[in-house]
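# Chains, contacts and geometry: an overview
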Amino acid sequence: MNPRRIGADFRITALSYFRNPVALFFSLIFPIILIGLFGLIFSATGTTAVNLAVLNEDHNSPESVAFLHALNETKLVKVQVESVAPSDFSSWLGQNDYPVGLVIPAGFQSNYTSHTSTNVTLFTDPQDASASGEVEFAVTGVANQFNLDAACGSTTCAPIIGIAGASVGSAVYTYIDYLIPGLIGFSILTSPMFSMVDITSSYRKEGIFRELSLTPLTRAEWLTSRILWYTLLTFVTAGIMIGAGAYLFGAHVLITAQLVPFLIAGPFLFVALGMLAGSVARTPESAALIGNIITFPMMFLSGTFFPVSSFPSGLQEFARILPLYYVIDGMNQVMLFSNTARAFTDVVVVLAIALVFFVLSIRLFKWRDE
Amino acid sequence: MAAAVEVHDLQKRYGTLAAVDGIDFTVSPGTVFAFLGPNGAGKTTTTEILEGLRNRTAGTVSVLGLDPWSQGVALHRRIGVIPQDFRFFEKITPKEAIEYYRTLFHTVRDPHALLERVELADKANARFESLSGGQKQKLGLALSLVNDPEICFLDEPTTGLDPHARRSIWAVIRALRKEGRTVFLTTHYLEEAELLADRVAIIHHGRIIASGTPNEIIEKYGGPERLRVEAPPSLASYLTTKLGIPASAEDGRVEIELHSKEDALKVLSTIDASGIPWHGFETRHDTLEDVFVRLVGQMDEGALRSEGSA
Ligand SMILES: Nc1ncnc2c1ncn2[C@@H]1O[C@H](COP(=O)(O)OP(=O)(O)OP(=O)(O)O)[C@@H](O)[C@H]1O
Ligand SMILES: [Mg+2]
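Residues numbered from 1 in each chain as written. Chains lettered and ligands numbered in written order. Predicted model: local features only at pLDDT ≥ 70, side-chain atom pairs only at ≥ 80, totals over all residues. Heavy atoms only, no water.

## A closer look at helix H10 (residues 260-280) of chain A
Under the convention used in this document: In DSSP terms, a helix is any run of H or I states spanning at least four residues, a strand is any run of E spanning at least two, and both are numbered starting from the N terminus. Here the expected length of a helix is defined as 1.5 Å per residue gap, with one fewer gap than residues. Relative accessibility under 20% of the residue-type maximum defines a buried residue, over 50% an exposed one, and the middle range a partly exposed one, all with a 1.4 Å probe and only protein chains included.
Taking 1.5 Å of rise per residue, the 21 residues of H10 of chain A would be expected to cover 30 Å, and the 31 Å separating its terminal C-alpha atoms lies within 8% of that figure. Counting buried residues along H10 of chain A, 17 of its 21 residues qualify, which places the element largely inside the surrounding structure.

See the structure below:
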């Protein structure tokens, strides 16, 4: 492995990339489109109202009733007032299959009229991210409206009604929060897979690999330069997705250095897998076919668009044999749950699979014919 | 001095097809060797075996004293190659391509000087995809020189080039030879081989059917000198009956073999005496092309005959 040669190949790769509008579109614009599309479909336009179990501890005070009425008016949720002991509410929601619940605290009305801040508590189930997203969207909207209505004359005052989250974890997740690690995983999978499969087979057909085999560049160096390039692209894409998610939909994911191992190990894995798929095929057409057979199940079943935990159990088992599952699960762990231990296991699994693919692809991939 | 290329009983089989069927040849250092043959003769197959790009089925091959297949890495630093149908990264310019190769080979070559040498300097910053076929070929030539090779393998370097571009490639090949490099060249253009090559081998159906210097081949396989005049076909039969030397007519021309100086005088005076209108005479020797066409034609006829009798 010679860094000078890797650098030279990296430069050629980067130049080719920047001069290719299609490639640029897919790595820079497409992520924003994906986030926008899925964000809109699943978090804002809720077509069917979500059942929202409500515990009104302010004993049907007029303001609390008005708040709930306004919630119903959004058509995003259907309020069902329940009477359960507050301490049991969380487990009661689970037992009664409510994905979301809301608690209006005692003193809601008096605090509201006296402009003292008060928090409604939103219980969400991270496994049902789309319901959580819709409800959070509705509650936030109504709370904002109430806060505006209560504006203290000409002076601005701090918002009165806040939203506290409660759930299995500690934060409130919207669908979009879930979507971000999923879609980063999606691009970690698709961007290297599709282009590596294509490059590997078409470079062989066009004789470019034969050309390269006549230079001191080794296959491992060539592959390393690709891995570096797709790692860089992944960082850019992830940045764009997090930025677009936060800006467009107010997503709040944890941006942490623990994400970095996944943004490196992920592209590593799929560059090697793409090359493996491209080198076992004899023609570009069969390479594309093999690439698609590998890519498509992962594209949908690894937690990209929907959390794996919301799948039927058979599919959940299946997801666990997909390498991308560990990339996305790991990113969920660090971006949403701060579960470092599980993330560590995930990254080890990803690295191990990546190494196997790397070694296999170097062995199977030949610059020249036999 | 040890041979630059030494090939003994080289064979390459694809299934039942013997693409190369037991060939022997040697290329001396500092010479230009031309490999001639019709389409599908086995030129590219042989060349790529010498370059270490394909493995052989049988035989021994040594290039610069190395086995191209098992010692390819060492060999590749010392040879330069332009493949037939050279292709490169579409979006990359010739200048960037040379810089890339320069770093890979860790040499200090001025990209501009190299591009000047192959007359491509004006396209230094054009993307590969926008280059013409000849310009692509020139880039291939420039890239093959980046590592200052001892042997250059050029597989049909001038196919598809205009006459001017061909001449500029020829000039580069002559210069390479002058610098003491060995050149292994394949071509369909007999004229090119005749002009450039020290030695020539003609390959057909995977076998070498003739080899030597161009003159040796012409002398050995070429016919005698011939006299040609523009005249109607009736002159041919007149000459044959009158002189007893076979004459042929084709495309308004009559051709007759000359075996001695006396023949020439006799033929001319007989023509003049025939009373048949004629004009414009010339004498010509077989070129390598005539030999090539004749040899390849004879072999194919032979093959047809043996097929017919089988
Ligand atoms: N990879 C391969 N698989 C099967 N057959 C092959 C392969 N490569 C070459 N051949 C066959 O071997 C024979 C020689 O091919 P080769 O490319 O060496 O010819 P060539 O002399 O270079 O012809 P051209 O002048 O057209 O370039 C041809 O019949 C060709 O079909
Ligand atoms: Mg050829």
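Further notes follow.
## Observations concerning the environment of Arg 78 of chain B
Residue and element names in this part refer to chain B. Formally: Residues are treated as being in contact if the distance between any of their heavy atoms lies within 4.5 Å.
Its place among the elements puts Arg 78 in the loop between helix H2 (72-76) and strand S5 (79-82). Looking at Arg 78, the relative accessible area reads 30%, which means it is partly exposed. Residues Arg 78 and Arg 199, 121 residues apart in the sequence, show an inter-C-alpha distance of 22 Å. Other than its neighbours up to four places away in sequence, Arg 78 contacts Leu 64, Leu 66, Asn 147, Pro 149, Glu 150 and Ile 151.

## What to know about the nonpolar core
The criterion, for reference: Think of a nonpolar core as a cluster: buried Ala, Val, Leu, Ile, Met, Phe, Trp, Tyr and Cys residues, connected wherever their side-chain atoms sit within 4.5 Å.
If you look at the biggest cluster of nonpolar residues, it comprises 130 residues, and the most contacted ones within it are Ile 184, Trp 222 and Phe 270 of chain A together with Phe 88 and Tyr 100 of chain B. Residue contacts for Phe 88 of chain B: discarding those within four places in its chain leaves Ile 208 of chain A together with Ala 97, Tyr 100, Tyr 101, Phe 128 and Leu 143 of chain B. Val 20, Phe 35, Phe 153 and Ile 203 of chain B belong to the second largest nonpolar core, which has 27 residues in total.

## Looking at the sheet that holds strand S13 (residues 279-284) of chain B
All names here are of chain B. Spelled out, the test is: Any two strands are treated as partners once DSSP identifies two or more bridges connecting them. Lines fitted to C-alpha atoms define the axes, with helix axes restricted to the stretch in contact, and inter-axis angles between N-to-C directions lie between 0 and 180 degrees.
The antiparallel open sheet is built from four strands, whose spatial order is S11-S12-S10-S13. On the outer flanks of this sheet lie strand S11 (247-250) and S13, each paired with one strand and no other. On average, adjacent strands in this sheet sit at an angle of 20° to one another, irrespective of strand direction. Note: strand S10 (residues 225-230) against S13, five bridges, orientation antiparallel. Its bridge partner lying in S13, Glu 230 is registered against His 279. Here helix H9 (residues 234-243) sits on the sheet in contact with S10, S11 and strand S12 (253-258), set at roughly 180° to S11.

## Some thoughts on the environment of Leu 288 of chain B
Residue and element names in this part refer to chain B. By the secondary structure assignment, Leu 288 is in helix H11 (residues 288-309). For the pair Leu 288 and Val 108, spaced 180 residues apart in sequence, the C-alpha to C-alpha distance is 41 Å. Apart from residues lying up to four places away in sequence, Leu 288 is in contact with Leu 36, Leu 190, Ala 193, Glu 194, Val 200, Pro 214, Ile 217 and Ile 218.

## Re the site of ligand 1
Residues and elements named next belong to chain B. Using the following cut-off: The nearness test applies per residue and asks whether one of its heavy atoms lies within 4 Å of the molecule or strand. Within 3.5 Å is the distance limit for a polar contact, defined as a pair of N or O atoms, with the added protein rule that one can donate a hydrogen and the other accept it, and that residues adjacent in sequence qualify only through two side-chain atoms. For every accessible area listed, the method is Shrake-Rupley and the probe measures 1.4 Å; residues are considered covered only by the protein chains on display. For this classification, Asp, Glu, Lys and Arg are treated as charged, while Ala, Val, Leu, Ile, Met, Phe, Trp, Tyr, Cys and Pro are nonpolar and the rest, including Gly, are polar.
Close to ligand 1 lie 15 residues, the nearest being Gly 40, Lys 43, Thr 44, Thr 45 and His 188. Contact between ligand 1 and Ala 41: an oxygen atom at 3.1 Å from a main-chain N or O atom of the residue. When ligand 1 is considered free in solution it has 640 Å² of accessible area, and contact with the protein chains removes 66% of it. Elements with a contribution of two residues or more to the shell around ligand 1: strand S2 (17-27) and helix H1 (43-50). Ranked by the residues each element gives to the shell around ligand 1, the list is headed by H1, at three residues. A class-by-class count of the residues in the shell around ligand 1 yields five nonpolar, seven polar and three charged.

## What about the coordination of the magnesium ion (ligand 2)?
All names here are of chain B. Put simply, the rule is: Because no water is among the atoms considered, metal sites can look incomplete, with donors defined as N, O and S atoms within 2.8 Å of the metal, or 3.2 Å for Na, K and Ca.
The protein atoms donating to the magnesium ion (ligand 2) are Thr 44 (OG1) and Gln 84 (OE1), with metal-donor distances spanning 1.8 to 2.1 Å. Taken as a pair, Thr 44 in helix H1 and Gln 84 in the loop between S5 and helix H3 (94-105) lie far apart in primary sequence, 40 residues in all. With a relative accessible area of 28%, Gln 84 lands in the partly exposed category.

## A few points about the sheet that holds strand S6 (residues 151-155) of chain B
All names here are of chain B. An order of S5-S6-S7-S3-S8-S9 is seen for the six strands of this open sheet, with the pairing classed as mixed. Both edges of this open sheet fall to S5 and strand S9 (207-212), since each of them pairs with a single strand only. This sheet shows a mean twist of 15° between the axes of neighbouring strands, independent of strand direction. Where S5 lies against S6, four bridges are found, and the strand directions are parallel. Within S6, the residue paired with Gly 80 across the bridge is Cys 152. Of the strands in this sheet, strand S3 (32-36), S6, strand S7 (182-187) and strand S8 (199-204) are in contact with H1, which crosses S7 at around 155°. Lying on the sheet, helix H5 (residues 133-144) is in contact with S5 and S6; it crosses S5 at an angle near 170°.

## Topic: the packing of helix H9 (residues 219-249) of chain A against H10 of chain A
Residue and element names in this part refer to chain A. Selection rule: Should an angle fall under 35 degrees it is called roughly parallel, over 145 degrees roughly antiparallel, and 65 to 115 degrees roughly perpendicular, with every other angle called oblique. Two helices cross in a left-handed way if the nearer one is turned anticlockwise from the farther one by less than a right angle. They cross in a right-handed way if the turn is clockwise.
Their axes nearest at 8 Å, the elements H9 and H10 cross at an angle of 130°. Between H9 and H10, the angle is such that the two are oblique. The two elements H9 and H10 cross, and the hand of that crossing is right-handed. Facing H9, whose interface residues are Trp 222, Leu 223, Arg 226, Ile 227, Tyr 230, Thr 231, Thr 234, Phe 235 and Ala 238, H10 presents Val 260, Leu 263, Ile 264, Pro 267, Phe 268, Val 271 and Met 275.

## Some points on the packing of aromatic side chains
Going by this rule: Put simply, two rings from Phe, Tyr or Trp (the six-membered ring, in Trp's case) pair if the centres are within 6.5 Å, and we call them stacked under 30 degrees between planes, edge-to-face over 60, tilted for the rest. Lysine NZ or arginine CZ positioned within 6 Å of the ring centre and within 35 degrees of the ring normal marks a charge as sitting over the ring.
Taken as a whole, this structure holds 38 aromatic pairs over all chains when the rule is applied. Measuring from ring centre to ring centre gives 5.0 Å for Phe 25 of chain B and Phe 33 of chain B, while their planes differ by 15°; the resulting arrangement is stacked. Here Phe 25 of chain B falls in the buried class, since its relative accessible area comes to 8%. Note on Tyr 101 of chain B and Phe 105 of chain B: the rings are 6.1 Å apart at their centroids and 55° apart in plane angle, and the pair reads as tilted. Residue Tyr 101 of chain B and its partner Phe 105 of chain B are both found in helix H3; the two are separated by four residues, about one turn of the helix. Across this residue pair, the class does not change: Tyr 101 of chain B and Phe 105 of chain B are buried. Grouping aromatic residues by their ring pairs yields a cluster made of Tyr 203, Phe 209, Trp 222 and Phe 365 of chain A together with Phe 86, Phe 88, Phe 89, Tyr 100, Tyr 101, Phe 105 and Phe 128 of chain B. Geometry around Tyr 189 of chain B places Arg 166 of chain B over its ring, the cationic atom sitting 3.9 Å from the centre.

## Details of the interface of chain B and chain A
Where interface size is given, it is often the accessible area lost as the parts come together that is meant. Our working rule: Using a 1.4 Å probe, buried area is obtained as the accessible area two parts lose upon being combined, added over both of them. For this document, the term salt bridge refers to a Lys or Arg side-chain nitrogen within 4 Å of an Asp or Glu carboxyl oxygen.
If you look at the interface, chain B gives 29 residues, while chain A gives 24 residues. Each partner contributes to the roughly 2800 Å² buried at the junction of chain B and chain A, and carbon and sulfur atoms together form 58% of this total. A per-residue breakdown of the area chain B buries against chain A is headed by Phe 89, Tyr 100 and Leu 104 of chain B, which together make up 24% of the total. In this assembly, chain B and chain A are joined by four salt bridges. Ionic pairing is found between Arg 11 of chain A and Glu 99 of chain B, a salt bridge with its closest N-O pair at 3.2 Å.

## Some thoughts on the side chain of Ser 213 of chain A
Structurally, the position occupied by Ser 213 of chain A is in helix H8 (residues 208-213). For Ser 213 of chain A, a relative accessible area of 9% corresponds to the buried category. Those residues in contact with Ser 213 of chain A that sit more than four places away from it in its chain are Trp 367 of chain A together with Leu 53 and His 76 of chain B.

## Remarks on the pattern of salt bridges
Residue and element names in this part refer to chain B. Under the counting rule described, the total for this entry stands at 23 salt bridges over all chains. We note a salt bridge from Glu 192 to Arg 166, for which the minimum N-O separation is 3.8 Å. Of this pair, Glu 192 sits in helix H7 (residues 190-196) while Arg 166 sits in helix H6 (residues 163-178), and the two are 26 residues apart along the sequence. Of the two residues examined, Glu 192 and Arg 166, each falls in the buried class. Three or more residues are tied together by salt bridges with common partners; here these are Arg 109, Arg 117, Asp 148, Glu 179 and Arg 181.

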